[in-house]
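# Structural characterization, general
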Amino acid sequence: MNILYVCHRFPFPPKRGGKIRPFNMIRHFSEAGHKVTVCSLARSEDEAEEGRGIAPHCERFEMAVVSNPFQTLRMVARLPTPTPSSLGYFYSRGLQRAIDAALERERFDLIFVHCSSVAQYVEHVRDIPKILDFGDMDSQKWLEYGKYKPFPLSLGYRLEGAKLEREEKRLARRFDMSTATTRAEWETLESYRAANLTDWFPNGVDATFFKPDGEGYDEDTLSFIGRMDYYPNQECMLEFCAKTFPLVRAKRPSAKLLIVGADPSPEIRRLGELPGVTVTGSVPDVRPYILRSAAMVAPLNIARGTQNKILEAMAMGVPVVTSPMGAGGVDALDEEHFLVGKTPEEYADRALRIMEDADERERLARAGRQRMLTNHDWSASMQRLDGIVDRCIDSFRRKRGPVAA
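Along each chain, residue indices are assigned from 1 in the same order as the chain's sequence is written. Local features in a predicted model are, by the rule used here, given only for residues with pLDDT of at least 70; side-chain atom pairs are given and counted only at 80 or more, and totals for whole chains, interfaces and linings are based on all residues. The side-chain figures draw on all heavy atoms in the structure; neither hydrogens nor water molecules are used.

With six of its six residues buried, strand β11 (residues 293-298) lies for the most part within the structure. By the convention used here, strands pair only if DSSP detects at least 2 bridges between them. Here a helix means four or more residues in a row that DSSP labels H or I, a strand means two or more in a row labelled E, and each is numbered from the N terminus. Note that strand β8 (residues 218-225) and β11 share three bridges and pair parallel. Bridge pairing in β11 places Leu222 opposite Ala295. The pairing of β11 with strand β12 (residues 320-322) spans three bridges and is classified as parallel. Looking across to β12, one finds that Val297 is bridged to Val321. For the crossover that starts at β11, traverses helix α12 (residues 308-315) and ends in the parallel β12, the hand is right-handed. Buried residues are those whose accessible area, probed at 1.4 Å on protein chains only, stays under 20% of the maximum for their type, while exposed residues exceed 50% and partly exposed ones sit between those limits. By definition, the crossover connecting two strands over a helix is right-handed if that path, from the first strand to the second, turns clockwise as seen with the strands pointing away from the viewer.

So this is what it looks like as structure tokens:
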């Protein structure tokens, strides 16, 4: 097949959540013998230069380089309109022209869009089967933000969430198939009663890259991994350091917490002044920090879809303590493959259990990695995706006649 693939962040190198899922799809389609044209945005010349490394994994790519200040203005301009601001942020006239030119230049057998914010580029196309992979239902994340942000920001997030939910329903009607990352996100999509066909396929983890190294760990160290310019990560670490980590240190005064991730805000950097807390900022490789930890904590209060940080830690044989929100995107069981808490006391209890009991840590380490190998393997997820593509094209053919070869 000839596939046009549109995504909201240029999917190379696949070092962050918004790039990992689309890159693995693109690579899978190409390795299966399909021709893939990738169309996406780069936020800087540096990102564009890195992004060109995708060339061996696709037939061709179209890249529009945009600037954050200008995209922010596009977003702000939509605040008083019914259109979600996020659609403005991810819009580029240059990318629209490139996509239109590609559609005019050649015949595509499938259009695949990852993330609702870029569905706008191809929603008008009617003679080619189209799949919209929502991934996460972003509207619900904005609505959740509204519960944590102070007024008037809370009002703005709730308004954006309501506008985006309406847009998600509208877009689902304009695509032949709509998909999500987890069963929970799929259930939200189904509740809209707007999509023509729906399904879901999970994120995977590269268990050959994220793997145990056979070396020891520091029984006093906990880690948290994630971009620290991302509000859900900031919110959970601020709360963890205020309410949970003091409980851990009260019973284990030598306990340490590593907060590892790029672009920490000033508020997050100040956490490094607390006893036992280190804020690293950007690091070239997160794996050594996770591998040397007794456990990785992910006490997220705001989470949609799959948290790749959890998959990666479990694949490395490092036990995870997370929240129900964080656990919801992982195909694993509490107490069997990882530990789930709901309160600061529960988080502290579960973290201390791992730090103080080497046998318990080893049990969770082995079980967690095995679960990643069986239930979050990219090849299994991509087989599921192949079935979704076949189902979409078969439905399109039945409704509109054969798709041109």
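We define a salt bridge as a side-chain nitrogen of Lys or Arg found within 4 Å of a carboxyl oxygen belonging to Asp or Glu. In total, this model carries 29 salt bridges according to the counting rule given. A salt bridge links Arg353 to Glu335; the nearest nitrogen and oxygen atoms lie 3.0 Å apart. Here Arg353 is found in helix α14 (residues 344-356), whereas its partner Glu335 is found in the loop between α13 (324-327) and β13 (339-340), with 18 residues between them in sequence. Classification of Arg353 as partly exposed rests on a relative accessible area of 25%. Salt bridges sharing partners connect three or more residues here, namely Glu123, Glu167, Arg170 and Arg174.

Another aspect to go through is the sheet that holds strand β1 (residues 2-7). The parallel open sheet is built from seven strands, whose spatial order is β3-β2-β1-β4-β5-β6-β7. A strand with exactly one partner marks an edge of an open sheet, and here the two such strands are β3 (60-65) and β7 (198-200). Strand after strand, the sheet turns through a mean of 20° between neighbouring axes, direction not considered. Relative to β3, strand β2 (residues 35-42) runs parallel, the two sharing six bridges. By the bridge assignment for β3, Thr37 is matched with Arg60. Two residues qualify as a contact provided that any one of their heavy atoms is within 4.5 Å of a heavy atom in the partner residue. Every axis in this analysis is a line fitted to C-alpha atoms, fitted for helices over the stretch in contact. Angles between the N-to-C directions lie between 0 and 180 degrees. Against the sheet, helix α5 (residues 93-105) makes contact with β1, β2, β3 and β4 (110-114), and its axis sits at roughly 155° relative to β3, the strand it touches most.

The subject of this paragraph is the packing of aromatic side chains. Both the distance between ring centres and the angle between the ring planes are used here to describe each pair of aromatic rings. Any pair of Phe, Tyr and Trp rings, taking the six-membered ring for Trp, is counted once the centres come within 6.5 Å. Such a pair is stacked with planes under 30 degrees apart, edge-to-face with planes over 60 apart, and tilted for the rest. Applying the stated criterion across every chain yields a total of twelve aromatic pairs. A network of ring pairs unites the aromatic residues Trp142, Tyr145, Tyr157 and Tyr231 as a single cluster. A positively charged side chain is recorded as over a ring if its NZ (Lys) or CZ (Arg) lies within 6 Å of the ring centre. The angle to the ring normal must also be within 35 degrees. Over the ring of Phe201 we find Arg21, and its NZ or CZ is 3.9 Å from the ring centre. Over the face of the ring belonging to Trp142 we find Lys141, whose NZ or CZ atom lies 5.8 Å from the ring centre.

Here we take up the nonpolar core. General note: in soluble globular proteins, nonpolar side chains tend to be found buried as a group. The biggest cluster of nonpolar side chains holds 54 residues, and the ones touching the most others in it are Leu222, Met237, Leu257, Ile259 and Phe338. Not counting residues within four places of it along the chain, the set of residues in contact with Leu257 comprises Leu222, Ser223, Phe224, Met237, Phe240, Cys241, Phe245, Gly276, Val277, Thr278 and Val297. Buried Ala, Val, Leu, Ile, Met, Phe, Trp, Tyr and Cys residues that are joined via side-chain atoms within 4.5 Å together make up what is termed a nonpolar core. Leu4, Ile99, Leu132 and Phe175 belong to the second-largest nonpolar core, a separate cluster that totals 31 residues.

Take the packing of helix α1 (residues 17-31) against helix α16 (residues 378-400) next. Working note: a packed helix pair is described by the angle between its axes plus the distance between those axes. Across the interface, α1 lies against α16 with an axial gap of 11 Å and an inter-helix angle of 70°. Between α1 and α16, the crossing angle belongs to the class labelled roughly perpendicular. Judged by residue contacts, Ile20, Arg21, Asn24, Met25, His28 and Phe29 of α1 engage Trp378, Met382, Leu385, Asp386 and Val389 from α16. Along the lines of polarity and charge, the residues of the contact of α1 with α16 split into seven nonpolar, two polar and two charged. Each angle gets one of four labels, with under 35 degrees taken as roughly parallel, over 145 as roughly antiparallel, 65 to 115 as roughly perpendicular, and the rest as oblique. Residue type decides the class: Asp, Glu, Lys and Arg count as charged, Ala, Val, Leu, Ile, Met, Phe, Trp, Tyr, Cys and Pro as nonpolar, and the leftover types, Gly among them, as polar.

Structurally, the position occupied by Val205 is in the loop between β7 and β8. Judged by its relative accessible area of 6%, Val205 falls in the buried class. Val205 sits 101 residues away from Thr306 along the chain, and the two C-alpha atoms are 11 Å apart.

What follows covers the packing of helix α6 (residues 138-148) against helix α7 (residues 153-174). Closest axis-to-axis distance for the α6/α7 pair is 7 Å, and the angle between their directions is 165°. The orientation of α6 relative to α7 falls into the category roughly antiparallel. Read as a crossing pair, α6 and α7 show a hand that is left-handed. Facing α6, whose interface residues are Asp138, Ser139, Gln140, Trp142, Leu143, Tyr145 and Gly146, α7 presents Ser154, Tyr157, Arg158, Glu160, Gly161, Ala162, Leu164, Glu165 and Glu168. Looking at side-chain class alone, the contact of α6 with α7 contains six nonpolar, five polar and five charged residues. Crossing handedness follows the turn of the near helix against the far one: under a right angle anticlockwise gives a left-handed crossing, and clockwise gives a right-handed one.

This part covers α7. In a regular helix each residue adds 1.5 Å, so 22 residues correspond to 32 Å; α7 covers 31 Å between its end C-alpha atoms and thus fits that length. Of all the residues in α7, the buried ones are Ser154, Glu160, Gly161, Lys163, Leu164, Glu167, Glu168, Leu171 and Ala172. Looking at the buried side of α7, the elements it contacts are α4 (85-89), β5 (130-135), α6 and β6 (177-180). By this rule the span expected of a helix is its residue count minus one, scaled by 1.5 Å.

Let's shift gears to unusual backbone geometry. With glycine set apart, most residues show a phi of negative sign, and most peptide bonds adopt trans. At the junction of Phe12 and Pro13, the peptide bond is cis and its omega measures out at -5° in the coordinates. With respect to the element layout, Pro13 can be found in the loop between β1 and α1. Each neighbour pair has its own omega, and for Phe151 with Pro152 the value is 5°, a cis peptide bond. Within the secondary structure, Pro152 sits in the loop between α6 and α7. Despite not being glycine, Arg193 has its phi angle at roughly 50°, a positive value.

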